[in-house]
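The lines below spell out each chain.
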There are 2 protein chains.
Amino acid sequence: MIDETHDPARRSWVESGNDPATDFPIQNLPLGVFSRPGESPRAGAAIGDQILDLRAAGLYGGVSLNGLMAMGASLRRQIGETLDAGASPHPEWLVPIAGAALHLPAHIGDYTDFYAGIHHATRVGRLFRPDNPLMPNYKYVPIGYHGRASSIVVSGAPVRRPSGQIREDESAPPVFGPSRRLDFELEAGFLAGPGNRLGEPVPMAEAESHIFGFCLVNDWSARDIQKWEYQPLGPFLAKSFATTISPWVVTREALEPFRSPAFTRPEGDPPPLPYLSPPGEGLDLTLEVWLNGERISRASTRDLYWTFAQMLVHHASNGCNLRPGDLIASGTVSGTAPDARGCLLEMQPRPFLQDGDEVLLRGYGRREGFARIGFGECKGVILPAR
Amino acid sequence: MIDETHDPARRSWVESGNDPATDFPIQNLPLGVFSRPGESPRAGAAIGDQILDLRAAGLYGGVSLNGLMAMGASLRRQIGETLDAGASPHPEWLVPIAGAALHLPAHIGDYTDFYAGIHHATRVGRLFRPDNPLMPNYKYVPIGYHGRASSIVVSGAPVRRPSGQIREDESAPPVFGPSRRLDFELEAGFLAGPGNRLGEPVPMAEAESHIFGFCLVNDWSARDIQKWEYQPLGPFLAKSFATTISPWVVTREALEPFRSPAFTRPEGDPPPLPYLSPPGEGLDLTLEVWLNGERISRASTRDLYWTFAQMLVHHASNGCNLRPGDLIASGTVSGTAPDARGCLLEMQPRPFLQDGDEVLLRGYGRREGFARIGFGECKGVILPAR
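These numbers were taken from a predicted model, which means no experiment stands behind them.

A word on the sheet that holds strand 3 (residues 50-53) of chain B. Residues and elements named next belong to chain B. Strand order in the open sheet made by the five strands is 4-3-2-1-5, with antiparallel pairing throughout. Each edge of the open sheet is held by one strand with a lone partner, namely strand 4 (94-96) and strand 5 (101-103). Within the sheet, the average angular offset between the axes of one strand and its neighbour, ignoring direction, is 45°. For strand 2 (residues 42-47) and strand 3, the ladder comprises four bridges, and the chain directions are antiparallel. Across the sheet, alanine 45 pairs through a bridge with leucine 52, a residue of strand 3. Its contacts with the sheet place helix 2 (residues 76-83) against strand 1 (31-35), strand 2 and strand 3, and it is angled at close to 110° to strand 3.

Further remarks concern the environment of serine 40 of chain A. Residue and element names in this part refer to chain A. Along the polypeptide, serine 40 turns up in the loop between strand 1 (31-35) and strand 2 (42-47). You can call serine 40 partly exposed: its relative accessible area is 46%. Between the alpha carbons of serine 40 and proline 278 there is a distance of 45 Å; along the sequence they are 238 residues apart. Once you skip the residues sitting within four places of it in the chain, serine 40 turns out to touch Phe34 and Ser35.

With that settled, consider the side chain of glutamine 27 of chain B. Residues and elements named next belong to chain B. By the element assignment, glutamine 27 lies in the segment before strand 1. The exposure class of glutamine 27 is buried, given its relative accessible area of 4%. At 2.7 Å, the side chain of glutamine 27 forms a polar contact with the backbone oxygen of aspartate 7. Excluding residues within four positions of it along the chain, glutamine 27 makes contact with Thr5, His6, Asp7, Pro8, Ala9, Arg10, Arg76, Ala254, Ala371 and Ile373.

The next thing to look at is the sheet that holds strand 2 of chain A. All names here are of chain A. Read across the sheet, five strands follow the order 4-3-2-1-5 without closing on themselves; strand pairing throughout is antiparallel. Both outer strands of the open sheet, strand 4 (94-96) and strand 5 (101-103), are each paired with one neighbouring strand and no more. Strand-to-strand twist across the sheet, computed as the mean angle between neighbouring axes with direction ignored, equals 45°. Packing of helix 2 (residues 76-83) onto the sheet brings it into contact with strand 1, strand 2 and strand 3 (50-53), and relative to strand 3 it is tilted by some 110°.

With that settled, consider the pattern of salt bridges. Taken as a whole, this structure holds 54 salt bridges over all chains when the rule is applied. As a salt-bridge pair, glutamate 4 of chain A and arginine 77 of chain A come within 2.6 Å of each other at their nearest N and O atoms. In this pair, glutamate 4 of chain A sits in the segment before strand 1 while arginine 77 of chain A sits in helix 2, placing the two residues 73 residues apart along the sequence. By relative accessible area, arginine 77 of chain A is classed as partly exposed at 37%. One salt bridge connects arginine 77 of chain B with aspartate 3 of chain B, and the closest N-O pair in it is separated by 3.0 Å.

The next subject is the relation of the copies chain B and chain A. One copy of the chain maps onto the other through a rotation about an axis plus a displacement along that axis. Of the transformation superimposing chain B on chain A, the axial component is 0.0 Å and the angular component is 180°, with the fit at an RMSD of 0.0 Å. On the angle and the small slide along the axis, the relation comes out as a two-fold axis. Within chain B, glycine 234 of chain B has its C-alpha nearest the rotation axis, a separation of 2.1 Å. A symmetric contact is evident, with 100% of the interface residues of chain B recurring at the interface of chain A.

Another point: the packing of aromatic side chains. Residues and elements named next belong to chain A. In this structure the tally under the stated criterion is 22 aromatic pairs over all chains. Taking the centre distance of 5.4 Å and the plane angle of 80° together, the rings of tyrosine 305 and tryptophan 306 count as edge-to-face. The same class applies to tyrosine 305 and to tryptophan 306, which are both buried. Taken together through their ring pairs, the aromatic side chains of Tyr115, Tyr138, Phe263, Tyr305 and Trp306 make up a single cluster. Across the ring face of tyrosine 364, the terminal group of arginine 372 is positioned such that the distance to the ring centre comes to 4.7 Å.

As a further point, take the interface of chain B and chain A. Each side of the interface is counted separately: chain B has 60 residues, and chain A has 60 residues. For the pair chain B and chain A, the summed buried surface comes to about 5500 Å²; carbon and sulfur atoms form 61% of the total. Where chain B meets chain A, there are four salt bridges. Between arginine 148 of chain B and aspartate 110 of chain A there is a salt bridge; the shortest N-O distance is 3.5 Å. Along the contact surface separating chain B from chain A lie 28 residue pairs in polar contact (both at pLDDT 80 or more). Secondary structure elements with two or more residues in the side of chain B that touches chain A: strand 6 (111-114), strand 7 (144-146), strand 10 (163-166), strand 11 (175-178), helix 4 (223-229) and helix 5 (308-316) of chain B. Among the elements that take part in the side of chain B that touches chain A, strand 7 of chain B stands out by supplying three residues, more than any other. Of the residues belonging to the side of chain B that touches chain A, the class tally is 31 nonpolar, 20 polar and nine charged.

About the cut-offs
For every chain, the first residue of its written sequence is number 1, and the numbers climb from 1 along that sequence. Labels follow written order: the first chain is A, the first ligand is 1, and so on. For this predicted model, a pLDDT threshold of at least 70 governs which residues receive local features, and a threshold of 80 or more governs which side-chain atom pairs are given and counted, while totals over whole chains, interfaces and linings are taken from all residues. Note: side-chain values were computed over all heavy atoms of the structure, leaving out hydrogens and water. Note: two strands are recorded as paired if DSSP finds a minimum of 2 bridges between them. What counts as a helix is a DSSP run of H or I of at least four residues, what counts as a strand is a run of E of at least two, and both are numbered from the N terminus. Angles run from 0 to 180 degrees between N-to-C directions of axes, and those axes are lines fitted to C-alpha atoms, restricted for helices to the stretch in contact. Working rule for contacts: check all heavy atoms of both residues, and any pair within 4.5 Å makes them a contact. Per-residue accessibility, obtained with a 1.4 Å probe over protein chains only, is compared with the maximum for each type, and a residue is labelled buried under 20%, exposed over 50%, and partly exposed between these values. Nitrogen and oxygen atoms within 3.5 Å of one another constitute a polar contact, given that in protein one can donate a hydrogen and the other can accept it, and given that sequence-neighbouring residues count only through two side-chain atoms. Salt bridges are identified by distance alone: a Lys or Arg side-chain nitrogen within 4 Å of an Asp or Glu carboxyl oxygen. Least squares is the method for superposing the copies, and the C-alpha atoms it fits come from residues with pLDDT of at least 70 in both. Classification of ring pairs uses Phe, Tyr and Trp, with its six-membered ring standing for Trp, and accepts pairs whose centres are within 6.5 Å; under 30 degrees between planes counts as stacked, over 60 as edge-to-face, and the remaining range as tilted. Ring-over charges, as used throughout, are those where CZ of Arg or NZ of Lys falls within 6 Å of the ring centre and within 35 degrees of the ring normal. A quick way to say it: buried area is the sum, across both parts, of accessible area lost when two parts are put together, with a 1.4 Å probe. In this count, Pro and Cys sit with the nonpolar residues alongside Ala, Val, Leu, Ile, Met, Phe, Trp and Tyr, while Asp, Glu, Lys and Arg are called charged and the others, Gly among them, polar.

Next comes the structure, spelled out in structure tokens:
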């Protein structure tokens, strides 16, 4: 619901929050976990180039956001009132982002990655099956897989090039060595709110209340390892060496202005099964990839075949329990345009990632009559293999 | 290393621990987490039909075993000295197993399931590809996938029959409904000890020090959901509705007498790649499936194509970090004999699981000249679909 918290004329006593170019105006107020040198982590909200210390402000004392997620309480309204231009300024509650360490925003118990970018799935599928790129299940099942939670890192953490089994010459045995086809994947993900009990599915009508907020996700992938290992149980070591997320969780409330119709299924596609109907609304977020300072891709979450609500409902449809802070990502977001490709595998013959390459994902919602809501940075630099 | 703690003549002042039929003699001393009615969980060691309260005995005050796992300290020797027939009896430190609630023994951050039972993989593969049952990667790559950690439950928890998308008639769309091909999987798994840092693989020579102890694992599977969803990213909702583990962690030390040579690769099979060589030793554990009180299967972990050490080293070979308490399971253990099949899919036309069925896994090591070391129960009853 769009309300006065989305008023684009609203201003803050934190001046950098009033810069039209900031990712973090007072209409956003994403949540994260930070620490100052020598101090323990605590929760904060980003405004301009500053962090509002939620403990100092008396709004939340937790050391991760899981407690808020469990309650489904984003505090966005209260934080906005605290930072409003009409409220008493409290500069002593602010910490410059530049001087703080940013941590994972929550304990992520489980990480699931979907495969909802239909243009990605089609383009990648065509490499393997030119005549029949999408599997018969694709338009019925929101395809996903369990990812590795332990190796999720926050933006800025370096990413070590993985080694693994690679078999490029099918007449010879595989060899173990550094991946030569290291790739990124441009994704958006959400962190779960209150969660559901084991054995109790979530109906579509309640799905959105289980979505706490969104972040950017780079599901780094070693394509040569993946190609050799993935049958029959799916990707494993090709992806478990690192997944980078952005540190700020942009709440569902902050993204209200960017609701969009769910993906328009082409004529002839089956309707979603009843448990995934109606599909709910999509999100119109723009996602970008910057490689060593050059923007090489720009795609939109409007091109996801399934809504985030459908992903969540499907995930819980067998009774699987989601817990506060679980990360559920979209899969690679690609569009139809030549410059809307969410991974290097789709951009061949562009080379795969080299040691020292910096991959930066950015994301934002933009709509006439509303403040621009940004996600901050999701960045990683490739270190050479060990 | 076999030492005096394995002496079969050793006896305890806890009389039930001296019963030759017990799973938990003084040579075993598996660790778990229990609570008495109205009290909070704490760590204990099983002996006969009793639990030694490790806090009361002054040996460990943690509420889960993760702290011990991080130190790699099983306390087996100290617990044995406390319970030895020559030590002062302290019946006030004992709690009857029958009067306690047993909990998950550790916080399991990530759960990985391998596919190392070659007879299982061959028999199941033959159903899909009669001429070529094993994928070309099988004898090179310890195939595994990420499982779901949130839905791991301890023995005794009921298991709700999942619903999901099923497509039995390929000329019609899939339907959403209760699984009609619900199955168990007979597995052994280990819980990780100290773990490794992200980006730092574990060499074979150090692998065993990262294995804290073992438990039984039932990776419940809905075969009809699996068949329709699994391509191309592997099993997802077909398995994430529940995984049951036994509550007692049998330490690596207690299993020393049951070391066995690694699997003998048939002539013509490739040797393991250097990073998985030498393979280390196997384990000779017998695993059984009891369905509604009737034993329907008995298999051995000697039939695993990869050792647990190889699974661990492969898992970390790309730099993926393991954390204390992570669960790494073998995959379904089957043998070549007709009564050594670790799941119903291999026992067709035996019917799949019915509502009300009780599946009980048992496991033990037995060797002439040593005490029998058991795993206790890994049990679940099927509840009807919601």
